[in-house]
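Coordinate inspection notes
Each chain is listed here by its residues.
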Amino acid sequence: YTHFEYRDLQVAKDRIEIETGEIVISFALTNIGDRPGTEIPQLYIRDGLASVVRPVKELRAFGRVSLRPGQTAEITFRVPVDMLNFTGLSGQRIVEPGVFELQVGASSADIRLQTEVDVTGQTRVLAREWRMESSCEVVVR
């Protein structure tokens, strides 16, 4: 019953270290409608060039934000590099370096903002214990 505007996309670092890095992306979300409403902003990531065929985009973080008309929230998603992993040709879970496209929107079919990050380093095999939890921080202004 309301509309939301996504704007001011920012990436903390556009080069991320493959060993311990974390993708940190933030943007402003404003309720531009006449009624209070709730939006579920979502972060999708696309691997631009992998050694095996990958999905076009994968959901990696999301949040729930309730805003009054005219109200704005600053949304920050944090995604550990480990979450970019996939099963390689050897059957092991790996993370490969490369350019990853970050897509933010209301759904996979409604992308409003996008940018890229470059994950640097050597292909890495994940240890048994790996970081597989993203986060969403919401600060209402």
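Heads up: these notes are all about the structure in this document.

Description of the overall build of the protein chain
The helix and strand tally for the protein chain stands at zero helices and 14 strands. Helices (α) and strands (β) of the protein chain occur, in sequence order from the N terminus, as β-β-β-β-β-β-β-β-β-β-β-β-β-β. Viewed in the frame of its principal axes, the protein chain has a C-alpha envelope of about 55 × 25 × 25 Å. For the protein chain, with 141 residues in total, the buried portion stands at 43%. The long-range fraction of contacts in the protein chain, counting pairs at least 24 apart against all pairs at least 6 apart in sequence, stands at 72%. In the form shown here, the protein chain has an accessible surface area of approximately 7800 Å², with 47% of it arising from carbon and sulfur atoms.

Quick notes on the packing of aromatic side chains
With the rule as written, the count across this model stands at two aromatic pairs. Between Phe27 and Phe77, the aromatic rings sit 5.8 Å apart at their centres with planes inclined by 45 degrees, giving tilted as the arrangement. You can see Phe27 sitting in strand β3 (residues 22-31) and its partner Phe77 sitting in strand β8 (residues 72-80), a full 50 residues away along the chain. Residue Phe27 is classed as buried on the basis of its relative accessible area of 0%. Residue Phe77 is classed as buried on the basis of its relative accessible area of 0%. Each residue in the set Tyr6, Phe27 and Phe77 is aromatic and connected to the rest through ring pairs, giving one cluster.

Quick word on the side chain of Thr30
Looking at where Thr30 falls in the secondary structure, it is placed in strand β3. Looking at Thr30, its side chain comes within polar contact range of the side chain of Arg7, at 2.7 Å. Setting aside residues up to four positions removed in sequence, Thr30 forms contacts with His3, Phe4, Glu5, Arg7, Leu67, Gly70, Gln71 and Thr72.

Description of the pattern of salt bridges
Using the criterion set out here, one finds 11 salt bridges in the structure. The salt bridge partner of Glu22 is Arg78, with a shortest N-O separation of 3.5 Å. One end of the pair, Glu22, is in strand β3; the other, Arg78, is in strand β8, and 56 residues separate them in sequence. Glu22 gets classed as partly exposed once you look at its relative accessible area, which sits at 33%. On the basis of relative accessible area, Arg78 is assigned to the partly exposed category, the value being 32%. Measuring nitrogen to oxygen at the nearest pair gives 2.3 Å for the salt bridge that ties Arg124 to Asp82. With Arg124 in strand β13 (residues 124-125) and Asp82 in the loop between β8 and β9 (86-87), this pair connects stretches of sequence that are 42 residues apart.

Observations concerning the side chain of Thr76
On the secondary structure map, Thr76 appears in strand β8. With a relative accessible area of 14%, Thr76 lands in the buried category.

Examining the sheet that holds strand β11 (residues 98-107)
Spatially, the five strands line up as an open sheet ordered β2-β12-β11-β5-β6, and their pairing is mixed. Edge positions in the open sheet fall to β2 (15-17) and β6 (58-62), since each of these has one partner strand only. Across the sheet, the axes of successive neighbouring strands diverge by a mean angle of 35 degrees, strand direction being ignored. As judged from the three bridges shared by β2 and strand β12 (residues 110-120), these two strands associate in the parallel manner. Residue pairing for β12: Glu17 is matched across the bridge by Thr120.

Analysis parameters
Along each chain, the written sequence defines residue order, and numbers are assigned to residues from 1. Local features in this predicted model are restricted to residues whose pLDDT is 70 or higher, and side-chain atom pairs enter the listing and the counts only when it is 80 or higher, whereas totals over whole chains, interfaces and linings include all residues. To get the side-chain values, all heavy atoms of the structure are used, and hydrogens and water are removed first. Per the convention used, a helix needs a DSSP run of H or I reaching at least four residues, while a strand needs a run of E reaching at least two, with both numbered from the N terminus. Three labels apply to residues, based on accessible area from a 1.4 Å probe with only protein chains included: buried if under 20% of the type maximum, exposed if over 50%, partly exposed otherwise in between. Here, two residues are considered to be in contact whenever any of their heavy atoms come within 4.5 Å of each other. A 1.4 Å probe and the Shrake-Rupley method give the accessible areas. Residues count as covered only by the protein chains that appear here. Any pair of Phe, Tyr and Trp rings, taking the six-membered ring for Trp, is counted once the centres come within 6.5 Å. Such a pair is stacked with planes under 30 degrees apart, edge-to-face with planes over 60 apart, and tilted for the rest. N or O atoms closer than or at 3.5 Å make up a polar contact, with two conditions inside protein: a donor-capable atom paired with an acceptor-capable one, and, for residues adjacent in sequence, both atoms drawn from side chains. The working definition used for a salt bridge is a side-chain nitrogen of Lys or Arg within 4 Å of a carboxyl oxygen of Asp or Glu. By the convention used here, strands pair only if DSSP detects at least 2 bridges between them. To define axes, lines are fitted to C-alpha atoms, for helices over the stretch in contact only, and angles between the resulting N-to-C directions are given on a 0 to 180 degree scale.

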